[in-house]
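Residue strings, one per chain:
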Amino acid sequence: MAARQVSNRSKGLNPDLITRTALELIDAEGVGAATMRAIAGRLGVEAMSLYKHVSTRDELLDLVVELIVAELDQDPQVRRDASDGWRDYLTRLARGVRRYALAHPHAFPLVTTRPAEAPWINPPLRSLAWIESMLATLQGAGFSDEQVLFTYRSFNSFLLGYLLMESGARTLRDPQDGDGSMGTSDEPVPGGLSPTRTDAEQDAVAEATSPQVQIDPQGDIEVTEFPTIHRLAERLAEDRFDEEFERGLERLLDSVAAHLD
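Residues numbered from 1 in each chain as written. Predicted model: local features only at pLDDT ≥ 70, side-chain atom pairs only at ≥ 80, totals over all residues. Heavy atoms only, no water.

Peer 1: Give me the lowdown on the environment of Pro105, citing residues and values where you can.
Peer 2: In this fold, Pro105 is placed in the loop between helix H6 (86-103) and helix H7 (108-113). The spacing of Pro105 and Asp174 is 69 residues in sequence and 9.6 Å in space, taken between C-alpha atoms. When residues no more than four places from it in sequence are discounted, the contact partners of Pro105 are Ser167, Arg170 and Thr171. (Helix = DSSP H or I, 4+ residues; strand = E, 2+ residues; numbered from the N terminus. Contact = heavy atoms within 4.5 Å.)

Take a look at the structure:
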């Protein structure tokens, strides 16, 4: 009976279902936890049945990246035209990329580390459809080829650096066993990041009751050697990602505007 149930469930498998299940598992437990066996377990099938729809785990991780980036297509606040000006267009697009990064902080490293279709494709805006849309929209807004390329590269460089930092901070607040570069097996995890805190450090951070303790949860930063860090502890510990993202984006757009002069 059990074998028949597995067989019946296998008939309903398809790449989209497998990919969405993989993303759900990564969101919950980290990239390393999303083994083919674990994904199959969630679907109630044998692991070998997955290989009829995705040839390798690498291919599946690439499909996960495509699924995450495709969330821009369903984002009602993102536009494909610059009807309200190029600054409005780029602002909406940047915020949309940030939304999918923060919706999947444990999976976002895949977006930035999985090999793109071509070496000139810069993450995190790595969808060919969206790259074409951005380049054509800026050209339609009067940008020269040089200005289009400057904006494309600057835009992605800002988002990549900022969102890796922010999603990493979010992940550290909700660490999962699968976040490590080795995951739950002895094989390296493509796109996995090595954990930067031990269990003891995580516990100390979780139990921190003041900014001073949050900055130095294990008492390793001597006040006499690093007095300025301790003096600014309260401000250093503040979560100001929203404000800093908007300020950084504004400065990026100012730089683009200056390049147009």
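Peer 1: Hey, could you go over unusual backbone geometry for me, with residue numbers and the actual values?
Peer 2: Pro124 follows Pro123 through a cis peptide bond whose omega is 10 degrees. Locating Pro124 in the fold gives a position in the loop between H7 and helix H8 (128-140).

Peer 1: Give a detailed account of the packing of helix H2 (residues 15-29) against helix H3 (residues 36-43), specifying residues and quantitative values.
Peer 2: Two quantities define a packed helix pair, namely the angle between the helix axes and the distance between the axes. Contact geometry of H2 with H3 gives a least axis separation of 10 Å together with a crossing angle of 110 degrees. For the element pair H2 / H3, the angle class is roughly perpendicular. Contacts from Leu17, Ile18, Thr21, Ala22, Glu24, Leu25, Ala28 and Glu29 of H2 reach H3 at Ala38, Ile39, Arg42 and Leu43. Taken together, the residues that form the contact of H2 with H3 break down as 8 nonpolar, 1 polar and 3 charged. (Axes fitted to C-alpha atoms, helices over the stretch in contact; angles between N-to-C directions. Parallel < 35°, antiparallel > 145°, perpendicular 65-115°, else oblique. Nonpolar A, V, L, I, M, F, W, Y, C, P; charged D, E, K, R; others polar.)

Peer 1: Account for the packing of aromatic side chains, naming residues and giving values.
Peer 2: Within this structure, the stated rule accounts for 5 aromatic pairs. Taking the centre distance of 5.5 Å and the plane angle of 80 degrees together, the rings of Trp86 and Phe143 count as edge-to-face. Placement of the pair is Trp86 in helix H6 and Phe143 in the loop between H8 and helix H9 (145-173), with a sequence separation of 57 residues. Both residues of the pair, Trp86 and Phe143, count as buried. Cluster of aromatic residues (ring-pair linked, three or more members): Phe158, Tyr162, Phe241 and Phe245. We note Arg80 situated over the ring of Trp130; from NZ or CZ to the ring centre the distance is 3.9 Å. Positioned above the aromatic ring of Phe245, the side-chain terminus of Arg98 is 4.9 Å from the ring centre. (Phe/Tyr/Trp six-rings, centres within 6.5 Å; stacked < 30°, edge-to-face > 60°. Buried < 20%, exposed > 50% of the residue type's maximum accessible area, 1.4 Å probe, protein only. Lys NZ or Arg CZ within 6 Å of the ring centre and 35° of its normal.)

Peer 1: Explain the environment of Gly142 to me, using residue names and the numbers behind them.
Peer 2: With respect to the element layout, Gly142 can be found in the loop between H8 and H9. Sequence spacing of Gly142 and Leu260 is 118 residues, and the spatial spacing of their C-alpha atoms is 9.3 Å.

Peer 1: Can you explain the nonpolar core? Please cite residues and give values.
Peer 2: Formed by 57 residues in total, the largest nonpolar core has its most connected members in Ile39, Leu50, Leu93, Met134 and Phe155. Contributing elements (two or more residues each) for this core: H2, H3, helix H4 (57-69), H6, H7, H8, H9 and helix H14 (241-260). The biggest single contributor to this core is H6, with 8 residues. Beyond its immediate chain neighbours, meaning those up to four positions away, Phe155 contacts Leu90, Leu93, Ala94, Leu125, Met134 and Leu252. (Core = buried A, V, L, I, M, F, W, Y, C linked by side-chain atoms within 4.5 Å.)

Peer 1: Give a description of the packing of H9 against H14 that names residues and reports values.
Peer 2: The contact between H9 and H14 brings their axes to 10 Å, and the two run at 170 degrees. With respect to their mutual orientation, H9 and H14 come out roughly antiparallel. Split by residue class, the contact of H9 with H14 holds 14 nonpolar, 6 polar and 5 charged.

Peer 1: An account of H14 is needed here, citing residue identities and associated values.
Peer 2: Here H14 contains 20 residues, and its C-alpha end-to-end distance of 29 Å stays within 8% of the 28 Å for a straight helix at 1.5 Å per residue. Looking at the packing, one finds that the buried side of H14 touches H6 and H9. (Expected span 1.5 Å × (residues − 1).)

Peer 1: I'd love a proper account of H6, names of residues and values included.
Peer 2: Look at H6: 26 Å from first C-alpha to last across 18 residues, which is about the 26 Å you get at 1.5 Å a residue. Where H6 is concerned, the buried positions are Trp86, Tyr89, Leu90, Thr91, Leu93, Ala94, Gly96, Val97, Arg98, Tyr100 and Ala101. For H6, the elements touching its buried residues are H4, helix H5 (71-74), H7, H8, H9 and H14.

Peer 1: Before we move on, can you summarise the pattern of salt bridges with the specific residues and values?
Peer 2: Side chains that differ in charge, positive against negative, can pair when their charged atoms come close. Evaluated as defined, the whole model comprises 16 salt bridges. With its nearest N and O atoms 2.9 Å apart, the salt bridge here joins Asp73 to Arg80. Of the residues examined, Asp73 reaches a relative accessible area of 42% and is grouped as partly exposed. Owing to a relative accessible area of 41%, Arg80 belongs among the partly exposed residues under this scheme. Two residues, Asp75 and Arg99, come together in a salt bridge whose shortest N-O distance is 2.8 Å. One end of the pair, Asp75, is in the loop between H5 and H6; the other, Arg99, is in helix H6, with 24 residues separating them in the sequence. Judged by its relative accessible area of 12%, Asp75 falls in the buried class. (Salt bridge = Lys/Arg side-chain N within 4 Å of Asp/Glu carboxyl O.)

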